[in-house]
Amino acid sequence: MTAETARVADAERLMDRLWAAVTDRDEPAAVRTVCAAADAGADEEALLLDVVARVQHRVGVEWAADRISVAEEHAASAITDRVVAALAHRRAAVSEPGTRGRVTVACVDGEWHVLPARLLAEVLTGRGWRVDFLGAHTPTPYLIEHVHRTNPVAVLLSASIPTHLPAAHKAVTAVQSLGVPVMVGGAAFGPGGRYARLIQADEWASDARAAADRLAEGVPVPQASRRLQIDDLPHLADQEYTFVRNSRTVLVRQALAALDERWPAMRSYSAVQRERTAEDLAHIVDFLTAALYVDDGALFTTFVAWTADVLTARGVPAHGLALGLSVLAGQLHDFPRALAFLGAAADTLTSAPPVPGIPA
């Protein structure tokens, strides 16, 4: 067995033990498992990224497959957060503050999935950077105030959900206007960081290791400017994004009423079921809005396919989702980009019977 094979096998065993503790909601056992590995000489960065992060990813997969509840997912996420904190306190007790320069790590405005940013902050701290970690949901004005006060070498922004791309774009342009470079990362920025390039971020990193490596090489300082978001995204001039974003509440309300008329099964829904249906419609509108913002129908299609899988795992027929897309198409008949995205998404629902009213 090679050293690399042994390392992978050790990580797998640790991950299984941590998973067992997390699913048993045994926080002390989870903390002991990871800290004991660190005490035995395991690399802390590897523990964070190859063990803790992978367990958290599995939590998300199990929730999507309806094998754990929302409450169990929340409990598991809280335990993994405590494990990361325990490793951080362990390191702080024996390490001096970093000397490589000051950086700011934060989640963009509205982003509550904090663990990726937290892991990045810990990796950078372990590599000798002085890290100001601002946590989840950092409003852009507060971020700018902090950058003014601390003058970091770079700002690293995290976003997991594409609906936060407009907020990320706003934050990127605002920080760059101060002459401070911005690196972005997270699932929100698309495969290969395609949306990071679209919003003109200075750098994109696929994961925490890549971000730390790139930061060590040096991120070029941008030329301070007062660039507007529409300068990067000229397709916004058609106002489709603005209309759908501003009409969100009305679109959801009207779609819910139309579903009542066109889908008799909805008339017997309980108040809770109706509330969940309204939430699903709101998510659909939000992701359509994000797709219009970056002018990429694949963003919306991917979300709809994922939603269909999640609903199917919970016994909800894909026909209802297809009907919801049809209803929205009727509301947005004057908006060609939105209609094209809705049509492409409907085509992905191959298991559902065809629904008239959505253009191919």
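Shown above is the structure to which this text applies.
Attention here is on the structure that accompanies the text. All values derive from a computational prediction rather than experimental measurement.

Digging into the packing of aromatic side chains
Summed over the entire model, instances satisfying the criterion amount to six aromatic pairs. Following the ring pairs from residue to residue traces out a cluster consisting of Trp63, Phe287, Phe303 and Trp306. If you follow Arg314 out to its NZ or CZ, it ends over the ring of Trp63, 4.8 Å from the centre.

A word on the sheet that holds strand β3 (residues 154-158)
Strands pair in a sheet through their backbones, by hydrogen bonds, and they do so in one of two ways: parallel or antiparallel. Taken in spatial order, the five strands line up as β2-β1-β3-β4-β5 in an open sheet, and their pairing is parallel. Here the strands that pair on one side only, and so sit at the sheet edges, are β2 (130-135) and β5 (203-205). Direction aside, the axes of adjacent strands within the sheet are offset by 20° on average. Along the sheet face, helix α7 (residues 165-176) touches β3 and β4 (182-185) and points at about 160° away from the line of β4.

What about the nonpolar core?
If you look at the biggest cluster of nonpolar residues, it comprises 65 residues, and the most contacted ones within it are Leu157 and Phe300. If one sorts the elements of this core by residue count, helix α13 (residues 271-294) sits on top with eleven residues. Ignoring sequence-local partners within four residues, the contact set of Leu157 consists of Ala106, Val108, Leu143, Ala171, Val172, Val182, Met183, Val184, Gly185 and Phe189. Residues Val52, Val59, Val83 and Val103 belong to the second largest nonpolar core, which totals 47 residues.

Calculation rules
Residues numbered from 1 in each chain as written. Predicted model: local features only at pLDDT ≥ 70, side-chain atom pairs only at ≥ 80, totals over all residues. Heavy atoms only, no water. Phe/Tyr/Trp six-rings, centres within 6.5 Å; stacked < 30°, edge-to-face > 60°. Lys NZ or Arg CZ within 6 Å of the ring centre and 35° of its normal. Pairing = 2+ DSSP bridges. Helix = DSSP H or I, 4+ residues; strand = E, 2+ residues; numbered from the N terminus. Axes fitted to C-alpha atoms, helices over the stretch in contact; angles between N-to-C directions. Contact = heavy atoms within 4.5 Å. Core = buried A, V, L, I, M, F, W, Y, C linked by side-chain atoms within 4.5 Å. Buried < 20%, exposed > 50% of the residue type's maximum accessible area, 1.4 Å probe, protein only.

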